[in-house]
Amino acid sequence: MIGATATSAIAAAGVPVTPTVAQVTPIEASLLVFVVLTALATALARDVLAAVIVFGAYSLGMAALYVFYRAPDVALTEAAISAGVTTVLLLLTLAKTTRIEHEAAFESVNYPAAAAAGLLFVGLALTTADIPAVGSPDAPVWSNPDVTQWYLSETYAVTGVENTVMAVLAAFRGFDTFGEAVVVFAAGIAALIVLRQEVFT
Amino acid sequence: MSDASEPDGRRETIDSEGRVDGTSPTSPTSRSDRLGTTPQQGTPYTESQVIMSTVKFVSPFALTYGLFVTFHGGGSPGGGFQGGAIAAAVVFMIAFAFGIDATRRWLANAVVVGLAVGGALVFAAIGLVPVALGGAFLQYDLLPVPLLDPVKYGMEAVEILGIATIVSGVLTGLFFVLASGFNRDGLDESVVSRQVNGDTDADRGAHERGES
């Protein structure tokens, strides 16, 4: 992804009206490295408690990355749900079960599994060349003004709210959101049934 | 409920866990010891003046931020889902600082259930009222709201009274129901004893066949 961003930046340099094609800033690069390292540590940590904590750090790194990619709504969700709530729920579950003490900090690498994951990684990495760079004028988001631009320019006139993301969620795609809300509600009921409890508190 | 379900099953697991930790050759004050076993709670709890003071100070601001994210979702990043999660996280913080069972006693079950069910009902009602008036699901401009813009305030109502309440209620409920764990009351006794002894159905079947 870093490479694709850099090459597209060079390609876009000749275009007279160049929107901000994002260069990979040092902060962004270190965030990417942090996310990859914490993801690896989550997979390899021998202790479940350590894995849960490092996974929380991974989610926080992803939330910071989303802010860099100008998706603050997604970043808020990632920080609140993944880094916060999920970590707490996993820790609670760990506390209710037994945890085995380990001498070694990391699991020894399972080579067949690593090879399978590596193949998947290579396959996915090959597709990144076709993904438009962040902020690229050729990205479908910009090169398809009839759709994207309509939402950006007409949302306030049609719905009366400034936040296009919320307008899409609550109005344009409101029926999907109703389904999501019902899924969350059903998750609460499912937890009660699975744990054979009759009340929450 | 918490008092009623607490007795036998739960105390048993604590004792067995405690023995496991106690016989482990590593330090008895290791982190797993603190996290796994606290006799009086049955859930992880370490009373800390630092944590309690910090949570006392931070939680009003965190709750305010959650409400801001919810109520200001139309004009800034955020909305009901994120704000509801932050509001639920405030309850997590309070439980983390003051103990889960103390927080459980403070927070009535009717509040949690009311938030979740009420949110689902409000969302469904806002969606179905336009249908009853001959429009489409969630067709906000048909909402019979006097004086206010029905589209804008219909969306705000869905975000604030629908999504935020469902998310905060369900997340809080998940937290407490996970903390109280699996309820063995009412289970078949033979099933319970088999689970405790670690026998599987296959073992038991083989055993019975050997006897007969």
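In this text the structure is predicted, and so the values were computed from the model without any measurement. (Residues numbered from 1 in each chain as written. Chains lettered and ligands numbered in written order. Predicted model: local features only at pLDDT ≥ 70, side-chain atom pairs only at ≥ 80, totals over all residues.)

Comments concerning the overall build of chain B
- Assigned secondary structure in chain B consists of 10 helices and zero strands.
- Across the 212 residues of chain B, 35% fall into the buried class.
- For chain B, restricting intrachain contacts to residue pairs at least 6 apart in sequence, the fraction spanning at least 24 positions comes to 63%. (Helix = DSSP H or I, 4+ residues; strand = E, 2+ residues; numbered from the N terminus. Buried ≥ 20, exposed ≤ 12 C-beta atoms within 10 Å, placed from the backbone. Contact = placed C-beta atoms within 7 Å.)

Things to note about the confidence of the model for chain A
- Overall, the predicted model of chain A reaches an average pLDDT of 84, with 89% of residues at or above 70.
- Every residue in residues 1-18 of chain A scores below 50 in pLDDT, and together they form 23 contacts with partners more than four places removed in sequence or on other chains. (pLDDT = per-residue confidence, 0-100.)

Some remarks on helix α7 (residues 109-132) of chain B
- Counted at 1.5 Å a residue, the expected span for α7 of chain B with its 24 residues is 34 Å, and the 33 Å between its end C-alpha atoms agrees.
- Buried within α7 of chain B are the following residues: Val-112, Leu-115, Ala-116, Gly-119, Ala-120, Phe-123, Ile-126, Gly-127 and Pro-130 of chain B.
- Its buried side turned inward, α7 of chain B meets α9 (174-194) of chain A together with α8 (150-180) of chain B.
- Gly-134 of chain B occupies a position one or two residues after α7 of chain B and carries a positive phi of about 95°. (Expected span 1.5 Å × (residues − 1).)

So, the interface of chain A and chain B
- With 43 residues of chain A at the interface, the matching set in chain B holds 61 residues.
- Going through the elements one at a time, α4 (72-96), α8 (164-172) and α9 of chain A are the ones with two or more residues in the side of chain A that touches chain B.
- Among the elements that line the side of chain A that touches chain B, the one with the most residues is α4 of chain A, at 14 residues.
- Its residues assigned to classes, the side of chain A that touches chain B shows 26 nonpolar, 11 polar and six charged. (Nonpolar A, V, L, I, M, F, W, Y, C, P; charged D, E, K, R; others polar.)

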